[in-house]
Structures are given as C-alpha cells and as structure tokens.
Amino acid sequence: MSGIRQAKISTRLTKQFLSGARTYATAEPTLKARLAEILPEKAEQVKQLKKEHGKTVIGEVLLEQAYGGMRGIKGLVWEGSVLDPIEGIRFRGKTIPEIQAELPKGPGGSEPLPEALFWLLLTGEIPSAAQTKALSEELAARSKLPKHVEELIDRSPSHLHPMAQFSIAINALESESQFAKAYAQGVNKTEYWKYTYEDSIELLAKLPNIAARIYRNVFHDGKVADIDPSLDYSANLAKLLGFGDNAEFVELMRLYLTIHSDHEGGNVSAHTTHLVGSALSSPFLSLAAGLNGLAGPLHGRANQEVLEWLFSMREELKGDLSKERIEEYLWETLKAGRVVPGYGHAVLRKTDPRYTAQREFALKHMPDYELFKLVSNIYEVAPGVLTKHGKTKNPWPNVDSHSGVLLQYYGLTEQSFYTVLFGVSRAFGVLPQLILDRGLGLPIERPKSFSTEKYIELVKNIKGN
Ligand code: CMX
C-alpha cells in the first residue's frame, strides 16, 4: 500500500468501523478496517479473472487421480499460501526465512509473531509493530472462556485424547457465534465476512485458554494461569501452559505457531474447514471439523506418532543409536507394514522447509540434546532407506518429524498433547481463508462423484468401445 493511501486511511476513524465492535488503540488502520478496504479490490480481481478466463482449461483429470486421493487436481482457491513441491511453502509469496526476517517480532525475540502472520495471510500485507501489538491486545482481551466451555473441558475424562477434548470445546464455543446469530436474524450475505471475522478473532483469542486447560487438567494440577494483556499471543500460550518463565520456550511457540499455520488449501484440515464453512456453518463448527482431520495419524497426529516411534526405537536399540542400527529399525518398521512417521508428503518432494526452520532452532538452542542428535541421525539414514524401499514418492522429512523433540527439550514431554499445539497454529492459517471465502461470496462446495460402474461407462464412452 502506498504511503499516501496508508495516511488517508489512518486519518479515518477506523475505530468506528463497526458499531459496537471493540477496537484496540493504534493510529494506523485496524485489521478489520484494512480488510474492508481490500475485499472489494479482491472481489473485482476475481470477477475480472472469471470474466476473461473463466472457460480456460486449467488441467486434466486422470481416472487414477479419482482413486488416488485427488492428488494434484486443481480445483480449490486458497489465497494465503501456495506450496511448491521442491521449494516448499510460501505465505503470500514469502518463504519461511523471509517471514522470519520481515514479520514483527516479540519483545527481545527474533522469531516472528503468529498474529502478524494472520494479518499477512488475510491481507497480503505485513503489519507494523503497532498494528501487531493492537491485535495481540485484542486477542488477549477476548480470551476468557464461557463457563459452560470450562465445565465441559473439566468434565472430560483424562483418557479422552486431548484432540477430542479440543474439538469438543471449540464446537461448544458455537454459543458465542456472532455469525450464527446474524444469519438467524437474516443478515444480508454481503455482511457475512464481518461476522466471520469477529468469530475468527474470538476463536483465536480463546484457543490458548482451551489448549492450556486441557493440558493442565490432563497432565498437571488443573490450574491455569491468567492471560497477561501486555504479552503477545505465544508468550501468553506459554504462560498458560506453565512455561512462561522460559524465554526460549516462548520463542519456540512464536516459531511453532507461525510455521504450522498454513500449507495451502488441499490438506485435510484446511480443506475440511473450508468445505464445512462453505455450507455457512460458523467458524467454530468449521474449524472443529478441520481439527478432527488434523487429529488423524497421517496428518497432524504424526507429531505424536514420531515421538512414540522414537521412544520405541530407543528402547529396542538399547542405547546403540548408531546409523546402522537406526537403518535396521527403519526396515523393521517398513516390513511391519507401518509408515515411518514424519517422513513423506502428498505434495512436497524435498525436505520440508518447516523441518529445516526447526532444525535451525535446535542447532541454535540445543545442539547437544540427545533426542535432537537422534533425529539428525535418522535424517541422514531414512531418505536412503525409503528410497530403496521404493514406495514413497517423497523420502524426505516433513514438519512433524522435528517438532516434538523441541517440546521435549523444554519439558513439555506429553506427546499426546502435541497435535493440540499444531491445531492452535492451524487456526491462524485456515480462518483467514474462511473470512475471504465469505468476503468473496464463494459458493457451497460440491464436486462430482461417480460410482465405479459409472467410471467404467465413462471410460468406455471416452475411448469409444
Ligand atoms: N513410510 C512408509 N511408507 C510411506 C511413507 C512413509 N513415511 N510415505 C508414503 N509411504 C507409502 C504410502 O503409504 C503408499 O503406500 P501404498 O502404495 O502401499 O498405499 C506409497 O508410499 C505412496 O505414497 P505417497 O504417494 O508417497 O504418499 P501419499 O501422498 O499417499 O501420503 C503421507 C502422504 C504424508 C500421508 C505419507 O507420506 C505418510 O503416511 N507419511 C507418514 C505420516 C506423516 O508423517 N504424516 C504427516 C504429514 C504432514 C502433515 O500433514 O502433518
């Protein structure tokens, strides 16, 4: 945005953008005000694109793709990020090292703030430090949980997986949905995005309290500290979990929440949130649906699986963690018909840059940590074994291969909680698209399916016999 334009907007009383909406002090435009500026431009861009090129063929679909999890079929719109198989993710065109350099940081820190990434994903623009701070303050101010949600979490049995508890609590926040209330009152569809935005901020704001309450209930004394309105989102999350005094852990949360947020639109959690949201379910119901997908072992739960697999390996190899023994253990895993957790990807064909970012964090903060060394040794061996095995299209590590070890180092050792942290971060990636879906008036999603008999008939007709 040009300086003149920015100044023009600044002079407006953006605080009055929505009557009744709470705002947080900054002389610059708030996120919601900026979004209101951008949406008509974006809608016009999409309208023109459809008008000029709507009938352009953008790809072909092979029968094997219908049976192969629809890999590679273009058919979704996702503004926040695009995933290149070799280079990895770009958030609004920026690589992970670029966002690490460019996004505002927390006090005394060098890692980016996820609230700034949320701004970038939603608008395509990097917020100023003051704008980021105002957003942090708003999230802190809206963090308190309704009593019924607290009680629901407290009543959950400790053997109920933390991801199931997380999903239940988010579903129960539906009681707070401004979108659902506005819809019931017959609000005009051009206004949908405003209520979706409010729900999304409300939801993000409440996730640290939900996640920490689950963690403290299941693994500790059930006591959750209060949010500190002067802290950024990650510092508050760390505080509530019980690690707020550790500045390195706070930095890890900033990095973790930023890099796990968004991975374009086709992955299970992102696609599900978008799909459910396309039926105009509220952000609470849509995100909970997406998180139920994240809870699967081939997706977000892989971060838990990795730790369990590492611990079994350590136990079975009885301290001999040489590369030869690791190689044998990898073959055992594969011969047992199991996947090697943390390796492979549906789109990536190289080491995941999210893995590399976490590896760099480990090299900086814990180079001699035993579990980090094990992860590094596996990194040297596993791609060769998986290549020899000859099945997986991508023998390289993904994001989940590294995250758990960093948490273990700082004492967050309960791996069944790890996917909840991934889920908190994923909300930062999928909610911007939900807001944009409503702002652009995207329709309910409804692709075509065929039975096998119908596909046989289709193929015969196409081949002419
Ligand atoms: N270990 C063993 N076999 C693997 C493998 C791995 N890490 N990754 C893929 N394969 C196998 C597949 O199971 C498949 O076998 P079949 O033909 O017998 O069904 C074959 O290789 C081809 O699979 P692919 O095309 O390479 O991979 P997919 O796109 O089907 O699946 C993924 C991608 C991530 C589910 C898969 O690589 C996997 O299961 N990895 C381990 C689990 C994991 O780390 N998931 C987290 C991914 C990141 C995230 O979403 O959080």
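Per an unreviewed UniProt entry, the chain goes by Citrate synthase and derives from Pichia sorbitophila. Looking at the chain in UniProt, the text filed under Sequence similarities (unreviewed entry) is "Belongs to the citrate synthase family."

Caption draft 1: The arrangement of the overall build of the chain in detail. Assigned secondary structure in the chain consists of 21 helices and two strands. The C-alpha atoms of the chain give a radius of gyration of 23 Å, which matches the 23 Å a tight globule of 465 residues would have. If you line up the chain on its principal axes, its C-alpha atoms span 70 × 65 × 45 Å. When each of the 465 residues of the chain is scored for burial, the buried share is 51%. For the chain, the proportion of contacts with a sequence separation of at least 24, taken over those separated by at least 6, is 74%.

Caption draft 2: Structural context of the UniProt feature "active site" (unreviewed entry) in the chain. The feature "active site" (unreviewed entry), as given by UniProt, occupies His-299, His-345 and Asp-400 in the numbering adopted here. Despite a sequence span of 102 residues, these residues sit close together in the fold, their greatest C-alpha distance being 10.8 Å. With respect to the secondary-structure elements, His-299 resides in the loop between helix H14 (283–294) and helix H15 (302–316). Classification of His-299 by relative accessible area gives buried; the value is 16%. Here His-299 is in contact with Asn-267, Val-268, Ser-269, Gly-293, Leu-294, Asp-400 and Arg-426, once residues within four sequence places are set aside. Look past the residues within four positions of His-345 in its chain and what remains in contact with it is Leu-83, His-263, Arg-354, Asn-394 and Asn-398.

Caption draft 3: Quick look at the environment of Ala-140. Here Ala-140 is to be found in helix H6 (residues 129–141). When the C-alpha positions of Ala-140 and Asp-226 are compared, they lie 10 Å apart, and in sequence the two are 86 residues distant. Discounting residues that sit within four places of it in the chain, Ala-140 has contacts with Ile-227, Asp-228, Pro-229 and Asn-236.

Caption draft 4: Structural view of the site of the ligand. Taken together, 21 residues surround the ligand, and among them His-299, Gly-342, Lys-391, Lys-393 and Asp-400 come closest. His-299 has a polar side-chain atom sitting 2.6 Å from an oxygen atom of the ligand. In terms of residue class, the shell around the ligand is made up of ten nonpolar, seven polar and four charged.

Caption draft 5: Quick peek at unusual backbone geometry. Unusually for a residue other than glycine, Arg-92 sits at a positive phi of about 45°. Assignment of secondary structure puts Arg-92 in the loop between strand E2 (88–91) and helix H4 (96–102). The phi dihedral of Lys-318 falls on the positive side, at around 45°, and the residue is not glycine. Look at Lys-318 and you get exposed, because its relative accessible area is 72%.

Caption draft 6: Summary view of the packing of helix H17 (residues 353–365) against helix H19 (residues 400–409). Where H17 meets H19, the closest approach of the two axes is 8 Å, and the angle between their N-to-C directions is 30°. When the axis of H17 is compared with that of H19, the two are roughly parallel. In the crossing of H17 with H19, the sense of the turn from one axis to the other is left-handed. Each of Tyr-355, Gln-358, Arg-359, Phe-361, Ala-362 and His-365 in H17 lies in contact with H19, whose residues at this interface are Ser-401, His-402, Ser-403, Leu-406 and Tyr-409.

Here is what the cut-offs are and how they apply
Residues numbered from 1 in each chain as written. Predicted model: local features only at pLDDT ≥ 70, side-chain atom pairs only at ≥ 80, totals over all residues. Heavy atoms only, no water. UniProt positions renumbered as here; feature names shortened; annotations may be inferred. Helix = DSSP H or I, 4+ residues; strand = E, 2+ residues; numbered from the N terminus. Rg over C-alpha atoms; globule rule 2.2 N^0.38 Å. Buried < 20%, exposed > 50% of the residue type's maximum accessible area, 1.4 Å probe, protein only. Contact = heavy atoms within 4.5 Å. Near = heavy atom within 4 Å. Polar contact = N/O pair within 3.5 Å; in protein donor to acceptor, adjacent residues only side chain to side chain. Nonpolar A, V, L, I, M, F, W, Y, C, P; charged D, E, K, R; others polar. Axes fitted to C-alpha atoms, helices over the stretch in contact; angles between N-to-C directions. Parallel < 35°, antiparallel > 145°, perpendicular 65-115°, else oblique. Left-handed = near helix turned anticlockwise from the far one by under 90°.

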